[in-house]
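# Geometric and topological summary
This is what each chain is made of:
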Amino acid sequence: MTSQTPDREYRALILDFGGVLTDNASLAIREWCVSEGLDEEAWRRTLGQNPDVGAWYRQLERGTMSQAEWNRRTAPILGVADHENLMGRAWAGVKPSTGMVALAKAARAAGYRLAMLSNSFGLDPYDPYAACGVWELFDVTVVSELEGMAKPDPEIYQLALDRIGLPGEACVFVDDYPGNLPPAEAMGITTVLAAKPHHETVGRLSALLGLDAAPA
């Protein structure tokens, strides 16, 4: 995390979605894999090690491939017969992080501008943001699929700042992937790497933003 100077005044909080506003997606997806008769690491291995699936996922993030098409192509490689709403079925057990959602609400109530900056994985037929009930938390949303760009492209961070209407020095950005932090830091944004369990991150953010107490 970039150090805070004593006279620094933050005015906005920018949050990633998966791994920040969600609780233990990896565990939920592993459980889904087992329920489908797959090895519990099948999803992670397929997305992480199959070059075609990885390339399609990057297209999915930038909106150049639909989620339905990604589902259709990926299901047979994963070893699942039914491709319909594959992403939604895999993510069905993923829940919002109560601590981070409470922190976001507390920050907004304290007068901070709140933004979501997320590399999406499709919105149709499965909208993960709606499923976790987070759309309404934010003043500003920057979702990669809708913008045609994705983290760590510097342009998507600048777009978030433009929509917030504040310079980087006035903002704090939270992401669970270390590679997404340097472009934000280059723009003067204070960064926080989300840790697990989330209560540690909630405590750090509460102290950084000067909130009275860390939300439960």
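Look above for the structure.
The structure reproduced in this document is the subject of the present report. (Residues numbered from 1 in each chain as written. Predicted model: local features only at pLDDT ≥ 70, side-chain atom pairs only at ≥ 80, totals over all residues. Heavy atoms only, no water.)

### Quick word on the pattern of salt bridges
The criterion, for reference: By salt bridge we mean one thing: a side-chain nitrogen of Lys or Arg within 4 Å of a carboxyl oxygen of Asp or Glu. Secondary structure elements are taken from DSSP: a helix is a run of H or I of four residues or more, a strand is a run of E of two residues or more, and numbering for both begins at the N terminus. Remark: exposure states derive from per-residue accessible area (1.4 Å probe, protein chains only) relative to the maximum for the residue type, with buried under 20%, exposed over 50%, and partly exposed in between.
Tallied over the entire structure, the rule returns 12 salt bridges. A salt bridge links Glu 41 to Arg 30; the nearest nitrogen and oxygen atoms lie 4.0 Å apart. Residue Glu 41 is found in the loop between α1 (25-35) and α2 (42-49), and its partner Arg 30 is found in helix α1; the two are separated by 11 residues along the sequence. Here Arg 30 falls in the partly exposed class, since its relative accessible area comes to 27%. A salt bridge links Arg 73 to Glu 69; its shortest N-O distance comes to 2.8 Å. Of the two residues, Arg 73 and Glu 69 both sit in helix α4 (residues 67-78), four residues apart, roughly one turn of that helix. Overall, the relative accessible area of 30% leaves Arg 73 in the partly exposed class.

### Topic: unusual backbone geometry
Cis geometry is adopted by the peptide bond preceding Pro 125, which originates at Asp 124 and carries an omega value of 15°. Along the chain, Pro 125 falls in the loop between β4 (113-118) and α7 (128-131). For the peptide bond that leads from Lys 151 to Pro 152, omega is 10°, which places it in the cis range. Here Pro 152 lies in the loop between α8 (144-147) and α9 (154-164). Non-glycine residue Asn 24 carries a positive phi angle of around 40°.

Everything listed is a geometric property; what it means functionally is a separate question.
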